[in-house]
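What the coordinates show
The lines below spell out each chain.
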Amino acid sequence: MEKSCLTTLCYIERDNKYLMMHRVKKEKDINRDKWIGVGGHFEENESPEECLLREVKEETGLTLLSYRFRGLITFISDRWQTEYMCLYTADEYEGELLPECSEGTLEWVDRHRLRELNLWEGDYIFLDLLEKRQDFFSLKLRYEGNELKEVFLK
């Protein structure tokens, strides 16, 4: 089955830090060497919330107790299919962080240090929106290769 073009991404918050994943474990990974939140592709018949909870549990071992749907990000690229990403933040969870994740290395990163990390250019935009806005937003990012060419914010 082809991967869904629908995904979730979550920034789990603790002590003014986000749980970030450094994607270094998979060879053929579009996010190789990048830092991202946790999440992934929808499985058949999943709602965004079901995908979010499953992906966070699989990648981190944590069970989310409180989360917010913050935005919809549309990624357009000349190198991969269009992706629609449901963006969440979470501030309450239970469980212990897994010692290992098959997709990358998990690390709590101070929110003010995020600009020092190797992120996709568009990620800086929606991370800023998470900090500055409380309302739901829709953001469209168009890439050519690894270069961000257009940004549309609603």
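Our subject is the structure that appears above.
Residues numbered from 1 in each chain as written. Predicted model: local features only at pLDDT ≥ 70, side-chain atom pairs only at ≥ 80, totals over all residues. Heavy atoms only, no water.

**Focus on the pattern of salt bridges**
Tallied over the entire structure, the rule returns 13 salt bridges. One salt bridge in this structure joins aspartate 15 and arginine 14, with 3.9 Å as the shortest N-O distance. Glutamate 43 is paired through a salt bridge with arginine 54; the nearest N and O atoms lie 3.5 Å apart. Of the two residues, glutamate 43 sits in the loop between strand 4 (38-41) and helix 1 (48-60) while arginine 54 sits in helix 1, which places them 11 residues apart along the sequence. Given a relative accessible area of 44%, glutamate 43 falls into the partly exposed group. On the basis of relative accessible area, arginine 54 is assigned to the buried category, the value being 16%. In this structure, a network of salt bridges that share partners links the residues Glu43, Glu46, Arg54, Glu55 and Glu58. (Salt bridge = Lys/Arg side-chain N within 4 Å of Asp/Glu carboxyl O. Helix = DSSP H or I, 4+ residues; strand = E, 2+ residues; numbered from the N terminus. Buried < 20%, exposed > 50% of the residue type's maximum accessible area, 1.4 Å probe, protein only.)

**As for the nonpolar core**
Ranked by size, the top nonpolar core spans 24 residues in total, and within it Tyr11, Met20, Ile73, Leu87, Phe126, Phe137 and Leu141 carry the most contacts. The set of elements that each furnish at least two residues to this core consists of strand 1 (6-14), strand 2 (17-22), strand 5 (63-77), strand 6 (83-94), helix 2 (121-132) and strand 8 (137-144). Apart from residues lying up to four places away in sequence, isoleucine 73 is in contact with Glu83, Tyr84, Met85, Leu87, Phe126, Phe137, Leu139 and Leu141. (Core = buried A, V, L, I, M, F, W, Y, C linked by side-chain atoms within 4.5 Å. Contact = heavy atoms within 4.5 Å.)

**Notes on the packing of aromatic side chains**
By the definition in use, this model includes nine aromatic pairs. Judged by centre distance (5.2 Å) and plane angle (90°), the rings of phenylalanine 69 and phenylalanine 136 are edge-to-face. Linking phenylalanine 69 in strand 5 with phenylalanine 136 in the loop between helix 2 and strand 8, this pair joins segments that are 67 residues apart in sequence. Classification of phenylalanine 69 as partly exposed rests on a relative accessible area of 32%. Between the aromatic rings of tyrosine 93 and tryptophan 108, the centroid separation amounts to 6.2 Å while the plane-to-plane angle is 25°, which identifies the pairing as stacked. Placement of the pair is tyrosine 93 in strand 6 and tryptophan 108 in strand 7 (residues 105-110), with a sequence separation of 15 residues. (Phe/Tyr/Trp six-rings, centres within 6.5 Å; stacked < 30°, edge-to-face > 60°.)

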